[in-house]
Amino acid sequence: MNEIIKAPKGVPEYVAPDSAEFLAVRAGLSTPAINAGYGYIELPMYEDTALYVRGVGASTDVVSKEMFTFTDRGERSISLRPEGTAGVMRSVIENGLDRGQLPIKLWYAGAFFRAERPQAGRYRQLQQVGIEAIGSEDPALDAEVIALADEGYRSLGLTQYTLKLTSLGCSTCRPPYREKLQSFLTGLELDEPTRQRALLNPLRVLDDKRDEVQAQLADAPLQVNFLCVDCQNHYDAVRHFLVLQGVNWEEAPRMVRGLDYYTRTTFEFDHPLLGSQSGIGGGGRYDGLMAELGGQSLSGIGFGLGTDRTLLACRAEGLNVADMSRVDVFLISLGAAAKDFAVSLSSRLRAAGVRVDLSWGDRGLKGSMKAADKSGARFTVVIGDSDLESDTLNIKHMADGTTTATTTHDLVATLQRLSKEN
Ligand code: HAM
């Protein structure tokens, strides 16, 4: 026998019937954005490596350690997309959307690739639903983006997550804060790699998970206490609009995001039942990104919600997010005339919006009933040649075994009505 080939490491698969949950989560996370007028963008799966180096930041783990990078046949350096924001920005600039109506509101969904060490909830092929709103600094837009994520989680029934919020300041107030933090860090007892990090990216040190480092950071200066007047006003306004939309949050002044482009409003959604991979979504504002990528100097804000982790969170909260049935109606034919009838009936039912499957391979009644059970159908119709002659068909209600009698003429309408009832 040939050796079995397995899926690559760290790549989750969503296979029917469980994939119904995946689709339900993706729809739940994207519907609020669609209802808020975000248009869909299908991004390339890979881009010029320079896009991520410049857009996301050469010193981030995502770019420096986790990208799947290769040289294509034309000797160009290509990377599988590790995230969506840089690609959206490239597309907006390339297609001239920034010269049209602002803000530009776009949503996307799909797989992203990060060569992380796989573990529960941390994958190399991860799924996100994302939105980006570009070309307005209006703090109400920040609140909209956050509220749309919150609504997505709530629509799935999630209740235990928390929203962590902070402001990372701007090009006016961040550099002086950074210097303050750096000089504070210089006075601490840190190992050499952490010292180097303090020089290169001092904010990252705030995120150090080790107790002995955290203990020394208790009095570290925090960006929220050193915001310029504009950033302070902006952050106050964002929180004002969040209150108006009924969104709850926790202040998280030590939050550090893994991507370099964030400015001002920055947020993460955390789920306490997911262990170390608790981030179910995150995002923020990015003031310098478009200019960094050669476009105009327009600000933007967006989020990326982890579809895989949101599904894990739904399971952890015991939620049934999807109808796991494949079909509404299962047709079993016994006899040649009955088979012809069932085949033509299946088309008519599907055209009427009823989900239908049939028993295949002319199995006996027992095997066919087993298939009907497995399909999850709420109704089964067993059709024998004699039923057609007498023009009486019985619709079996699978939940309680009762039947509804009907005629060939009324069958489609009756099944259509029954399958729409709860
Ligand atoms: P991110 O925080 O890197 O942000 O990823 C967003 C979400 O994707 C995370 O909160 C997490 O739920 C999920 N995720 C990330 N990595 C993995 C992984 N290895 N396995 C499973 N899930 C994962 C971004 O990607 C930004 N582009 C979000 C954004 C959009 N900011 C502004 N606009």
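Note that this is a predicted model, so its numbers are computed, not measured. (Residues numbered from 1 in each chain as written. Predicted model: local features only at pLDDT ≥ 70, side-chain atom pairs only at ≥ 80, totals over all residues. Heavy atoms only, no water.)

Colleague: Could you give me a rundown of the packing of aromatic side chains, with the residues and numbers involved?
Modeller: In the structure shown here, the tally under the stated rule is 11 aromatic pairs. Judged by centre distance (4.4 Å) and plane angle (15°), the rings of Tyr 14 and Phe 22 are stacked. Its relative accessible area of 7% is what places Phe 22 among the buried residues. An angle of 70° between the planes, with centres 6.1 Å apart, marks the rings of Tyr 108 and Phe 112 as edge-to-face. (Phe/Tyr/Trp six-rings, centres within 6.5 Å; stacked < 30°, edge-to-face > 60°. Buried < 20%, exposed > 50% of the residue type's maximum accessible area, 1.4 Å probe, protein only.)

Colleague: Which residues make up the domain arrangement of the protein, and what values do they have?
Modeller: Domain annotation for the protein reports domain 1 (19-173 + 227-316) and domain 2 (329-421). Its C-alpha centre places domain 1 at a distance of 47 Å from the equivalent point of domain 2. (Domains from an automatic or database assignment.)

Colleague: Could you give an account of the sheet that holds strand S13 (residues 356-358), naming the residues involved and the relevant values?
Modeller: If you trace the 5 strands from one edge of the open sheet to the other, you get S13-S12-S14-S15-S16, paired in mixed fashion. At either end of the open sheet lies a strand with only one pairing partner, and these are S13 and strand S16 (403-406). Averaged over neighbouring strand pairs, the angle between their axes works out to 25° when direction is ignored. Sheet topology places strand S12 (residues 329-334) next to strand S14 (residues 379-384); 6 bridges connect them, and they run parallel. By the bridge assignment for S14, Ile 332 is matched with Val 382. Each of S12, S13, S14 and strand S15 (393-397) is contacted by helix H13 (residues 336-351), which is oriented at about 160° to S12, the strand it contacts most. Strands in contact with helix H16 (residues 411-420) are S12, S14, S15 and S16; relative to S15, the strand with the most contacts, it is inclined by about 10°. (Pairing = 2+ DSSP bridges. Helix = DSSP H or I, 4+ residues; strand = E, 2+ residues; numbered from the N terminus. Axes fitted to C-alpha atoms, helices over the stretch in contact; angles between N-to-C directions. Contact = heavy atoms within 4.5 Å.)

Colleague: Break down the site of the ligand for me, citing the residues and quoting the values.
Modeller: Lining the immediate environment of the ligand, one finds 27 residues, of which Glu 83, Glu 116, Tyr 123, Tyr 262 and Gly 279 sit closest. One nitrogen or oxygen atom from the side chain of Arg 257 is found 2.9 Å from an oxygen atom belonging to the ligand. When the ligand is considered free in solution it has 660 Å² of accessible area, and contact with the protein chains removes 95% of it. Here the shell around the ligand gets 7 residues from one element, more than from any other, and that element is strand S10 (residues 279-286). Grouping the amino acids of the shell around the ligand by side-chain chemistry returns 9 nonpolar, 11 polar and 7 charged. (Near = heavy atom within 4 Å. Polar contact = N/O pair within 3.5 Å; in protein donor to acceptor, adjacent residues only side chain to side chain. Areas by Shrake-Rupley, 256 points an atom, 1.4 Å probe, with all protein chains shown as cover. Nonpolar A, V, L, I, M, F, W, Y, C, P; charged D, E, K, R; others polar.)

Colleague: For the pattern of salt bridges, give the residues involved together with the corresponding values.
Modeller: Under the counting rule described, the total for this entry stands at 24 salt bridges. Notably, a salt bridge pairs Arg 355 with Asp 323, separated by 3.2 Å at the nearest N-O pair. Of this pair, Arg 355 sits in the loop between H13 and S13 while Asp 323 sits in the loop between helix H12 (307-316) and S12, and the two are 32 residues apart along the sequence. Overall, the relative accessible area of 31% leaves Arg 355 in the partly exposed class. Within this structure, Asp 191, Arg 197, Asp 208 and Arg 210 form a network of salt bridges that share partners. (Salt bridge = Lys/Arg side-chain N within 4 Å of Asp/Glu carboxyl O.)

Colleague: Lay out the layout of surface pockets in plain terms, naming residues and giving numbers.
Modeller: The volume enclosed by the second largest pocket comes to roughly 820 Å³. Lining the second largest pocket are 37 residues, and of these Arg 174, Asp 260, Tyr 261, Tyr 262 and Thr 263 sit closest to its centre. When contributions to the lining of the second largest pocket are tallied by element, the ones reaching two or more residues are helix H2 (49-57), helix H6 (174-186), helix H8 (202-206), strand S9 (263-270) and helix H11 (289-292). (1 Å grid on protein atoms, 1.4 Å probe; cavity = no way out; pocket = protein on both sides within 12 Å on 5 of 7 lines; lining within 4 Å. Points joined across faces, edges and corners; volume = space filled by probe spheres on them.)

Colleague: So what's going on with empty space enclosed by the protein? Which residues, and what values?
Modeller: Counted under the stated rule, the structure contains 1 cavity of 30 Å³ or more. For the largest cavity, the calculated volume is near 50 Å³. Lining of the largest cavity is provided by Thr 166, Ser 167, Leu 168, Tyr 177, Leu 203, Leu 206, Gln 223, Val 224, Pro 253 and Met 255. For the lining of the largest cavity, the secondary-structure elements that each account for two or more residues are strand S7 (162-167) and H8. For the lining of the largest cavity, the residue count by class is 7 nonpolar, 3 polar and no charged.

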